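For reference, the chains in residue letters:
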Amino acid sequence: MYTIWTTKQVLQFAKPGDEVVLRGWVYRKREFRDKIFVLLRDGEGVVQLVFAKDRPEVYDIAAKLNIESSIIVKGVVKEEQRAPGGKEVHVSDVIWFFVGEPFPINPSAAQADSEYLLDVRHLWIRSRKMWAVLRIRHTVFEAIHEYFRSRGFYEVQCPIFVSAAVEGGATLFPVKYFDREDVYLTQSAQFYLEALIYSLEKVYTVAPSFRAEPSRTRRHLTEFWHAEAEMAWARLHDVMNVCEELITHVVRKVLDERLEELSILGRDTEKLERVKPPFPRVLYDEAIEMLQKMGFNVKWGDDLGADEERALMQKFDTPIHLYGFPEEVKAFYHKNDPQDPKRTLSVDVLAPEGYGEIIGGGERIEDPDELVRKIKKFGLRPEDYYWYIDLRKYGSVPHAGFGLGVDRLVMWICGLDHIRDAVPFPRDIRRVKP
RNA sequence: GCCGCCGUAGCUCAGCCUGGUAGAGCGGCGGGCUGUUAACCCGUAGGUCCCGGGUUCAAAUCCCGGCGGCGGCGCCA
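It should be emphasised that the depicted structure is a prediction, and the values quoted were computed from it without experimental measurement.

Thresholds applied
- Residue numbers run consecutively from 1 along every chain, following the written order of its sequence.
- All chains are assigned letters beginning at A, and all ligands numbers beginning at 1, according to the order in which they are written.
- Totals for whole chains, interfaces and linings use every residue, but because this is a predicted model, local features are given only for residues with pLDDT of at least 70 and side-chain atom pairs only at 80 or more, for both listing and counting.
- The basis for every side-chain value is the complete set of non-hydrogen atoms in the structure, without hydrogens or water.
- Should DSSP find at least two bridges between two strands, the strands are taken to pair.
- Going along the chain from the N terminus, every DSSP run of H or I of four or more residues is numbered as a helix, and every run of E of two or more is numbered as a strand.
- Contacts are assigned to residue pairs with any non-hydrogen atoms lying within 4.5 Å of each other.
- Between the N-to-C directions of two axes lies an angle of 0 to 180 degrees, each axis being a line fitted to C-alpha atoms and, for a helix, fitted only over the stretch in contact.
- In this analysis, rings of Phe, Tyr and Trp, with Trp reduced to its six-membered ring, are considered paired at centre separations within 6.5 Å, and the interplanar angle assigns stacked below 30 degrees, edge-to-face beyond 60, and tilted for intermediate values.
- Relative accessibility thresholds used throughout: buried, under 20% of the residue-type maximum; exposed, over 50%; partly exposed, between the two (1.4 Å probe, protein chains only).
- Only residues whose relative accessible area exceeds 30% and that take part in no salt bridge are eligible for patches, with like-charged residues grouped when within 9 Å of each other and nonpolar side chains (Val, Leu, Ile, Met, Phe, Trp, Tyr) grouped when within 5 Å.
- For the area figures, the Shrake-Rupley method with a 1.4 Å probe applies, and any residue is considered shielded solely by the protein chains shown.
- Definition used for salt bridges: Asp or Glu carboxyl oxygen within 4 Å of a side-chain nitrogen of Lys or Arg.
- An automatic or database domain assignment supplies the start and end points of every domain.
- Once two parts are brought into contact, the accessible area they lose, counted with a 1.4 Å probe and summed over both, makes up the buried area.
- Any pair of nitrogen or oxygen atoms within 3.5 Å is treated as a polar contact; in protein, a donor-acceptor pairing is required on top of that, and neighbouring residues in sequence qualify only through side-chain atoms on both sides.
- Gly is put with the polar residues, along with every residue not named as nonpolar or charged; the nonpolar set is Ala, Val, Leu, Ile, Met, Phe, Trp, Tyr, Cys and Pro, and the charged set is Asp, Glu, Lys and Arg.
- For every residue, the pLDDT score states the predictor's confidence, bounded by 0 at the bottom and 100 at the top.
- Picture the helix axis, draw a direction to every C-beta atom, and the arc is the one those directions span.

### What to know about the sheet that holds strand E18 (residues 399-405)
1) Next: The eight strands lie next to each other as E7-E10-E11-E18-E17-E16-E13-E12, forming an open sheet whose pairing is mixed. Every interior strand has two partners, whereas the edge strands, strand E7 (154-155) and strand E12 (281-283), have only one.
2) Next: Sheet topology note: the E12/strand E13 (residues 320-323) ladder contains three bridges and is parallel. Counterpart to Arg281 in the pairing with E13 is His321.
3) Next: Here helix H7 (residues 190-200) sits on the sheet in contact with E7, strand E10 (202-210), strand E11 (223-232) and E18, set at roughly 35° to E11.
4) Next: Together, E11, strand E16 (346-351), strand E17 (356-363) and E18 form the strand contacts of helix H15 (residues 406-414), whose direction differs from that of E18 by roughly 55°.

### Quick look at the packing of aromatic side chains
1) Next: Scanning the model with the defined rule gives 18 aromatic pairs in all.
2) Next: Residues Phe191 and Tyr333 carry aromatic rings whose centres are separated by 6.0 Å and whose planes lie at 90° to one another, so their mutual orientation is edge-to-face. Separated by 142 residues along the polypeptide, Phe191 in helix H7 and Tyr333 in the loop between E13 and strand E14 (336-337) bring together distant segments of the chain.
3) Next: For Tyr333, a relative accessible area of 5% corresponds to the buried category.
4) Next: Ring centres of Phe191 and Tyr388 lie 3.7 Å apart, and the angle between their planes is 20°; on these two criteria the pair is classed as stacked.

### Brief notes about a nonpolar patch on the surface
1) Next: Taken together, the side chains of Tyr2, Ile95, Trp96 and Phe98 present a nonpolar region at the surface, about 400 Å² in accessible area.
2) Next: For Tyr2, a relative accessible area of 32% translates into the label partly exposed.

### Side note on the domain arrangement of chain A
1) Next: Looking at chain A, the domain boundaries give domain 1 (4-98) and domain 2 (121-422).
2) Next: Computed over C-alpha atoms, the centres of domain 1 and domain 2 are 46 Å apart.
3) Next: Listed per partner, the contact involves nine residues of domain 1 and four residues of domain 2.
4) Next: Approximately 550 Å² of surface area, both sides summed, lies buried where domain 1 meets domain 2, with 41% of it carried by carbon and sulfur atoms.
5) Next: Seen at the junction of domain 1 and domain 2, the total is two salt bridges.
6) Next: Between Glu68 and Arg126 there is a salt bridge whose closest N-O contact spans 3.1 Å.
7) Next: For the pair domain 1 and domain 2, the number of links is three residue pairs in polar contact (both at pLDDT 80 or more).
8) Next: Looking at the side of domain 1 that touches domain 2 residue by residue, the class counts come to three nonpolar, two polar and four charged.

### Regarding unusual backbone geometry
1) Next: In this structure, Pro278 follows Pro277 across a cis peptide bond, with omega equal to -5°.
2) Next: Tracing the backbone shows Pro278 in the loop between helix H10 (269-273) and E12.
3) Next: With an omega of -10°, the peptide bond running from Lys433 to Pro434 counts as cis.
4) Next: Looking at where Pro434 falls in the secondary structure, it is placed in the segment after H15.
5) Next: Positive phi values are uncommon outside glycine, yet Phe178 reaches one of about 55°.
6) Next: Structurally, Phe178 is set in the loop between strand E8 (161-162) and strand E9 (184-185).
7) Next: Here Phe178 falls in the exposed class, since its relative accessible area comes to 77%.

### Considerations on the side chain of Glu68
1) Next: Relative to the helices and strands, Glu68 resides in the loop between helix H2 (56-64) and strand E5 (70-79).
2) Next: Among residues more than four places away in sequence, those in contact with Glu68 are Trp25, Val26, Arg41, Phe103 and Arg126.

### Considerations on the environment of Gln157
1) Next: Inspection of the secondary structure puts Gln157 in the loop between E7 and E8.
2) Next: Sequence separation of Gln157 and Leu40 is 117 residues, and the distance between their C-alpha atoms is 41 Å.

### Regarding the side chain of Thr318
1) Next: Checked against the element boundaries, Thr318 lands in the loop between helix H12 (306-313) and E13.
2) Next: With relative accessibility at 13%, the residue Thr318 sits in the buried group.
3) Next: Those residues in contact with Thr318 that lie beyond four places of it in its chain are Arg274, Pro280, Met313 and Pro352.

### Quick word on the confidence of the model for chain A
Low-pLDDT stretches of the model should not have their predicted coordinates read in fine detail.
1) Next: With 98% of its residues at a pLDDT of at least 70, chain A reaches an overall mean of 92.
2) Next: Mean pLDDT in chain A bottoms out at helix H3 (residues 107-112), which sits at 80, and peaks at E7, which reaches 98.
3) Next: What the predictor reports for the complex is a pTM of 0.94 with an ipTM of 0.86.

### With respect to H2
1) Next: Among the residues making up H2, those that are buried are Val58, Tyr59, Ile61 and Ala62. Looking straight down H2, one finds that the buried residues subtend no more than 165° of arc, so they occupy a single side.
2) Next: Summarising the contacts, the buried residues of H2 are in contact with strand E2 (19-31), strand E3 (35-41), strand E4 (46-52) and strand E6 (87-98).

### What about the pattern of salt bridges?
1) Next: Overall, the coordinates contain 44 salt bridges when judged by the stated rule.
2) Next: Residue Arg82 is joined to Glu80 by a salt bridge in which the shortest nitrogen-to-oxygen separation is 2.9 Å.
3) Next: On the basis of relative accessible area, Arg82 is assigned to the exposed category, the value being 75%.
4) Next: A salt bridge links Arg274 to Asp317; the shortest N-O distance between them is 3.3 Å. On the criterion of sequence distance, the pair formed by Arg274 in the loop between H10 and E12 and Asp317 in the loop between H12 and E13 is long-range, its members being 43 residues apart.
5) Next: Assessed through its relative accessible area of 38%, Arg274 is described here as partly exposed.

So, in structure tokens, the structure goes:
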């Protein structure tokens, strides 16, 4: 038997003359008259292999290898300035290999970042770009759990099959559920989290949400990962504090642990280093005023479109809290401000550099009559929300929470052009394969 | 739902405006090259120019219809 070295271990710890066994996939191959260079890729990185022609038993195998062929080799480590990483492995034995067909993705497709890469996504996830994104994504999810658990939130799991909308029925995906026709995929765990605070007080969940919005933008998926939290007794300012601490913690952890991956993606980490609490807190009214000064035709009561949001964010180089939206532009469950009832106690967190909304949250209505009044005002049927209304009848408390679009957060941290690249197998309005 | 763009080799694209025998790079295959960093050089195979109709002596190119794809807006995370 033999010990397997990773490429990373070879570059970090192997000494010249060490005999090592490595396994992985062919990342690049360059053939010369008397030797073949193979860049071997594994889950950790890349190291250069050298196959010499005076060892025909290994050279002849190397000659047959395609890009992405798999192989296990034994060889001797040498220091070599010309090799990537400063070391290379001179192969003495090929223990195992699989050649297969020529790899269908080539650099022109990769450089064009073309549609084709989505058709062959099951293969493209092997690329250095997707490798880097997926490792950062891993760390983002880890950091989210780490933050909530360190702050006394309990993790809970909520149903994916639901029978009422959170924000209205138009964007629900119906599901065939035996002989019933009123079952859908969840859009948000929020209502269930609101129920759970009466047991655990502070709860969170990280789960997929599904929205049948026919959106064709670089910021929308039909299936996305949602990190949601809900807190009993909390107010709007508590939500803002938790949001900025959470985002700061995630960004900090990625900067600490994923610098190599950020560098592969060409991310300007200076822009991430600026992310520190407190984030600027911008009242909706101030935003309207700023936009009017910039020449936008907006007035109090309007929702902010993508152009307005981008223009506003040009004034900031960190995320901001935008709070206090008018009642009409926010979903029915947002609590109106008792001091100013036309306004809700709501907040969006907007990411800089044009990435836009990554969080929506705020205080929820705690009074049952007020809740019913607002459900009706929004043209919805109270009977569809009977259990949600019920929560207000037994020991109702002020409470607040928020939902974070994790894929959008990953997109911004990685500096990606499209949310699809923040996800290994994205689902959008047309694409459900691979 | 609304607005815009695109469809030519396995992949990325040029050619279309101004109609006249189908092109390049990458990838494949064959050969060459003393160390490459998306190696390079020579050769070679590979096409229902999305589909249908029309105009024309002649259509990838012009016109009409269809199909497929992409981007943006709205909505949201």
